[in-house]
Amino acid sequence: MKKLRFSRSQLCIPYAVFLIFFVIAPLIVIVYYAFTNGEGKFTVTNFVNFFTSTNTLGTLLYSFTLAIVTTLVCLLIAYPTAYILARSNLKKKYVLLMLFILPMWINFTLRITALKEILSAIEGNISAYPFLNSVIGMTYDFLPFMILPLYTSLLKLDKSLLEAASDLGASRVTVFLRVTLPLSVPGIISGMTMVLLPSMTNYVVLDMLYNSTYIMGSLIGSYFSAYDWNNGSLISLVLLVIILIVTLVTNRFSDKDASARGAVL
């Protein structure tokens with residue numbers, strides 16, 4: 001019986017089909033509606049309206065602010081946690097790490113509903129603190145995405161470098177600032193990317209925690225719900241470009257840091 005052998009080009013066919021139908025084709029549709037009006041005629045009015053409207057620019061600024069604050073809070077909580085887990089000699093530290101990941105196995109709606117009940121018991125009327133509750137909800141939802149890359153990066157640190165720095169007379173603070181922190185930058189960048197980008201568009205948390213302020217995701221949804229595909233596609237395209245720029249910038253920093261570490265080592 002002859003064995004079936006496939007070339008690399010043949011093995012790429014399923015991926016190419018998936019890419020065409022679920023990535024390229026939807027992107028073409030978005031670009032088409034972004035540059036046309038309701039009558040299907042080419043126009044740039046959608047872009048002009050976006051960059052001259054205080055509503056859309058305010059929404060973009062609010063989305064950035066919420067995403068940045070959420071990312072910083074996640075980083076402040078995740079870095080010490082990942083550092084302690086990675087550097088400790090606990091035999092069951094993997095169990096402790098699993099406790100942070102365990103909520104991800106529970107349905108998202110149930111988790112946010114439970115969080116809403118907790119916040120209601122603490123604050124009473126949680127709608128009086130929309131931004132604070134949104135940050136808490138986003139942090140609760142995206143914290144594992146920050147802990148995992150940081151933990152992996154810190155776990156892979158060469159302990160001999162830390163020992164060498166200590167032998168040369170460096171204090172613990174100096175070792176951390178001059179060795180541990182710079183070498184963990186790839187994990188920081190990866191975690192910040194994984195938290196910053198989705199927190200700009202995840203409007204479900206805002207809706208469930210009574211935040212009436214729009215972010216980019218909810219604004220896009222409102223346009224499509226009103227059958228205004230043109231403006232909705234335009235905002236989606238702008239957000240896609242922003243995400244692409246952020247990704248390229250973070251990759252550039254990651255590449256520079258990798259080359260710098262290679263030069264030092």
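Residues numbered from 1 in each chain as written. Predicted model: local features only at pLDDT ≥ 70, side-chain atom pairs only at ≥ 80, totals over all residues. Heavy atoms only, no water.

## So, the side chain of Lys116
Along the chain, Lys116 falls in helix α6 (residues 108-123). Among buried Asp, Glu, Lys and Arg side chains, Lys116 stands out as unpaired, with Glu117 the closest opposite charge at 5.2 Å. Dropping the residues within four chain positions of it, Lys116 is found in contact with Ile126, Met208, Leu209 and Tyr210. (Helix = DSSP H or I, 4+ residues; strand = E, 2+ residues; numbered from the N terminus. Buried < 20%, exposed > 50% of the residue type's maximum accessible area, 1.4 Å probe, protein only. Lys, Arg positive; Asp, Glu negative; His and termini not counted. Salt bridge = Lys/Arg side-chain N within 4 Å of Asp/Glu carboxyl O. Contact = heavy atoms within 4.5 Å.)

## A few points about helix α7 (residues 130-155)
With 26 residues, α7 should cover 38 Å at 1.5 Å per step; its first-to-last C-alpha distance of 37 Å lies within 8% of that length. Along its length, α7 reaches its greatest deviation from straightness, about 50°, at Phe142, and the proline Pro144 lies no more than four positions downstream. (Expected span 1.5 Å × (residues − 1). Bend = angle between axes of the 7 residues up to and from the residue.)

## Re the environment of Val179
Of note, Val179 is situated in helix α9 (residues 172-183). Val179 gets classed as buried once you look at its relative accessible area, which sits at 15%. The spacing of Val179 and Leu157 is 22 residues in sequence and 9.4 Å in space, taken between C-alpha atoms. Among all residues touching Val179, those that are not within four sequence positions of it are Leu161, Leu162, Ala165 and Thr174.

## Brief notes about the packing of helix α4 (residues 54-87) against α7
In the contact formed by α4 and α7, the axes pass within 6 Å of each other and the chain directions differ by 40°. By the angle between their axes, α4 is oblique relative to α7. Regarding α4 and α7, the two cross each other, and that crossing is right-handed. Counted by class, the contact of α4 with α7 contains 24 nonpolar, six polar and one charged residues. (Axes fitted to C-alpha atoms, helices over the stretch in contact; angles between N-to-C directions. Parallel < 35°, antiparallel > 145°, perpendicular 65-115°, else oblique. Left-handed = near helix turned anticlockwise from the far one by under 90°. Nonpolar A, V, L, I, M, F, W, Y, C, P; charged D, E, K, R; others polar.)

## Notes on the nonpolar core
Counting residues in each nonpolar core, the largest one holds 37 residues, and the members touching the most others are Leu66, Met146 and Leu150. For this core, the secondary structure elements donating two or more residues are α4, α5 (93-101), α6, α7, α8 (159-167), α9, α10 (185-199) and α11 (204-208). Once residues within four sequence positions are removed from consideration, Leu150 is found in contact with Leu75, Ala78, Tyr79, Ala82, Gly187 and Ile188. Counting 17 residues, the second-largest nonpolar core is a separate cluster that includes Leu60, Ala67, Leu237 and Ile242. (Core = buried A, V, L, I, M, F, W, Y, C linked by side-chain atoms within 4.5 Å.)

## Let's talk about the environment of Ile243
When you line up the elements, Ile243 lands in helix α13 (residues 229-264). Linking Ile243 and Ser9, residues 234 residues apart in sequence, is a C-alpha distance of 30 Å.

## Some words on unusual backbone geometry
A positive phi is found at Tyr227, a non-glycine position, where the angle reads about 60°. Here Tyr227 shows up in the loop between α12 (216-225) and α13.

## Let's talk about the pattern of salt bridges
All told, the structure shown has two salt bridges when counted by the stated rule. Across the pair Glu39 and Lys41 runs a salt bridge whose closest N-O atoms are separated by 3.7 Å. Asp141 is the partner of Arg111 in a salt bridge, and the nearest nitrogen-oxygen pair spans 3.1 Å. Of this pair, Arg111 sits in helix α6 while Asp141 sits in helix α7, and the two are 30 residues apart along the sequence. Of the two residues examined, Arg111 and Asp141, each falls in the buried class.

## Some words on the packing of α5 against α7
Where α5 meets α7, the closest approach of the two axes is 9 Å, and the angle between their N-to-C directions is 155°. Put simply, α5 runs roughly antiparallel to α7. Taken as a pair, α5 and α7 cross one another with a handedness that is left-handed. Of the residues in α7, those in contact with Lys93, Tyr94, Leu97, Phe100 and Ile101 of α5 are Pro144, Ile147, Leu148, Tyr151 and Leu155.

## A few points about the packing of aromatic side chains
Applying the stated criterion across every chain yields a total of 11 aromatic pairs. Seen in terms of ring centroids, Phe35 and Phe47 are 5.0 Å apart; in terms of plane orientation they differ by 35°. Their pairing is tilted. Placement of Phe35 in the loop between α2 (13-34) and α3 (45-52) and of Phe47 in helix α3 is noted, with a sequence separation of 12 residues between them. Here the aromatic cluster, defined as three or more aromatic residues joined through ring pairs, consists of Tyr32, Tyr33, Phe224 and Trp229. (Phe/Tyr/Trp six-rings, centres within 6.5 Å; stacked < 30°, edge-to-face > 60°.)

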